[in-house]
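Below, each chain spelled out in residue letters.
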Amino acid sequence: MVGGDPRCCELLLYNRAHIGTADENGWQEIHQACQHGHSQHLEHLLFYGAEAAAQNASGNTALHICALYNKESCARILLYRGANKEVKNNSGQTPFQVAVIVGNF
C-alpha cells in the first residue's frame, strides 16, 4: 500500500486478498493508503469492503490520517463515500481539529 501500480492492488483485492490487517499500531491498509496519498488504492479498498471508520491504536480514522498528512484527494474520496467527519480520536479530536492543530488548512 505504500506504492506501486494501482492495478496490482486491484488484482490482489479481486482475488480475495484479506482486508483489515493491522500492524502493531493498529494501522490498516486504508490508513496506509491515506498517509501516502494513494487515492486510487483507496478507491479500490473502499470498493472491496475496507472499513472507512476503522480506527488505529490512537483512535485515528483514515480521515484523521488525511488531515494529519494533508492528503486532500483522499479526504475528498472518504467524505464522498460517507466517512463520518465527527469521529473523535483518543485525544478527543475530530479530523478537522487535527488538521487545524497541524496547520493543514
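Here's a quick rundown of the structure.

### A few points about a nonpolar patch on the surface
A cluster of nonpolar side chains, contributed by Leu68, Tyr69, Ile101 and Val102, occupies part of the molecular surface with about 340 Å² of accessible area. Elements supplying a minimum of two residues to the nonpolar patch: α4 (62–69) and α6 (95–102). Relative to the helices and strands, valine 102 resides in helix α6.

### Remarks on the side chain of histidine 31
Locating histidine 31 in the fold gives a position in helix α2 (residues 29–35). Residue classification places histidine 31 among the buried positions, given a relative accessible area of 0%. Non-local contacts of histidine 31, meaning those with residues more than four positions away in its chain, are made with Gly26, Ala54, Gln55, Asn56, Asn60, Thr61, Ala62 and Ile65.

### Considering the packing of aromatic side chains
Enumeration over the complete set of coordinates arrives at 1 aromatic pair. Judged by centre distance (5.1 Å) and plane angle (85°), the rings of phenylalanine 47 and tyrosine 48 are edge-to-face. Judged by relative accessible area, which is 67%, phenylalanine 47 ranks as exposed.

### Thoughts on the pattern of salt bridges
Using the criterion set out here, one finds 3 salt bridges in the structure. The partner of aspartate 5 in a salt bridge is arginine 7, and the shortest N-O contact between them spans 2.6 Å. The partly exposed category is assigned to aspartate 5, whose relative accessible area is 33%. We classify arginine 7 as exposed; its relative accessible area is 61%. Arginine 81 is the salt-bridge partner of glutamate 43, the closest N and O atoms lying 2.8 Å from each other. Of this pair, glutamate 43 sits in helix α3 (residues 39–47) while arginine 81 sits in the loop between α5 (72–80) and α6, placing them 38 residues apart in sequence. Assessed through its relative accessible area of 24%, glutamate 43 is described here as partly exposed. The partly exposed category is assigned to arginine 81, whose relative accessible area is 48%.

### Comments concerning the packing of α4 against α5
Across the interface, α4 lies against α5 with an axial gap of 9 Å and an inter-helix angle of 155°. Viewed along their axes, α4 and α5 adopt a mutual orientation that is roughly antiparallel. In the packing of α4 onto α5, the handedness of the crossing is left-handed. Along its contact with α4, which presents Ala62, Leu63 and Cys66, the element α5 presents Cys74, Ala75, Leu78 and Leu79. A class-by-class count of the residues in the contact of α4 with α5 yields 7 nonpolar, no polar and no charged.

Reading the values: the criteria
- All residue numbers refer to positions counted from 1 along the written sequence of the respective chain.
- Local features are withheld for residues below a pLDDT of 70 in this predicted model, meaning they are given only at 70 or higher, and side-chain atom pairs are given and counted only at 80 or more; totals for whole chains, interfaces and linings count all residues.
- Hydrogen atoms and water are omitted, and side-chain values are computed over all heavy atoms in the structure.
- Patches in this entry comprise residues that are over 30% relatively accessible and not in a salt bridge; like charges within 9 Å are linked, as are nonpolar side chains (Val, Leu, Ile, Met, Phe, Trp, Tyr) within 5 Å.
- Method for areas: the Shrake-Rupley scheme with a 1.4 Å probe, in which residue coverage is limited to the protein chains shown.
- Every case where a carboxyl oxygen of Asp or Glu lies within 4 Å of a side-chain nitrogen of Lys or Arg is listed as a salt bridge.
- Labels follow the DSSP assignment, with helices taken as runs of H or I lasting at least four residues and strands as runs of E lasting at least two, numbered in each case from the N terminus.
- Note on exposure labels: buried denotes an accessible area under 20% of the residue type's maximum, exposed denotes more than 50%, and partly exposed covers the range between, all computed with a 1.4 Å probe on protein chains only.
- The contact criterion used is simple: two residues touch if any of their non-hydrogen atoms lie within 4.5 Å.
- We call Phe, Tyr and Trp rings a pair once their centres come within 6.5 Å, taking the six-membered ring for Trp, and we label the pair stacked below 30 degrees between planes, edge-to-face above 60, and tilted otherwise.
- Whenever a helix is involved, its axis is fitted only over the stretch in contact; in every case the axis is a line through C-alpha atoms, and angles between N-to-C directions fall within 0 to 180 degrees.
- By definition in this entry, angles of less than 35 degrees are roughly parallel, angles greater than 145 are roughly antiparallel, angles of 65 to 115 are roughly perpendicular, and the rest are oblique.
- Handedness of each helix crossing follows the sense of rotation of the near helix against the far helix: counterclockwise by less than a right angle gives left-handed, clockwise gives right-handed.
- Throughout this entry, Asp, Glu, Lys and Arg are counted as charged residues, while Ala, Val, Leu, Ile, Met, Phe, Trp, Tyr, Cys and Pro are counted as nonpolar. The remaining residues, Gly among them, count as polar.

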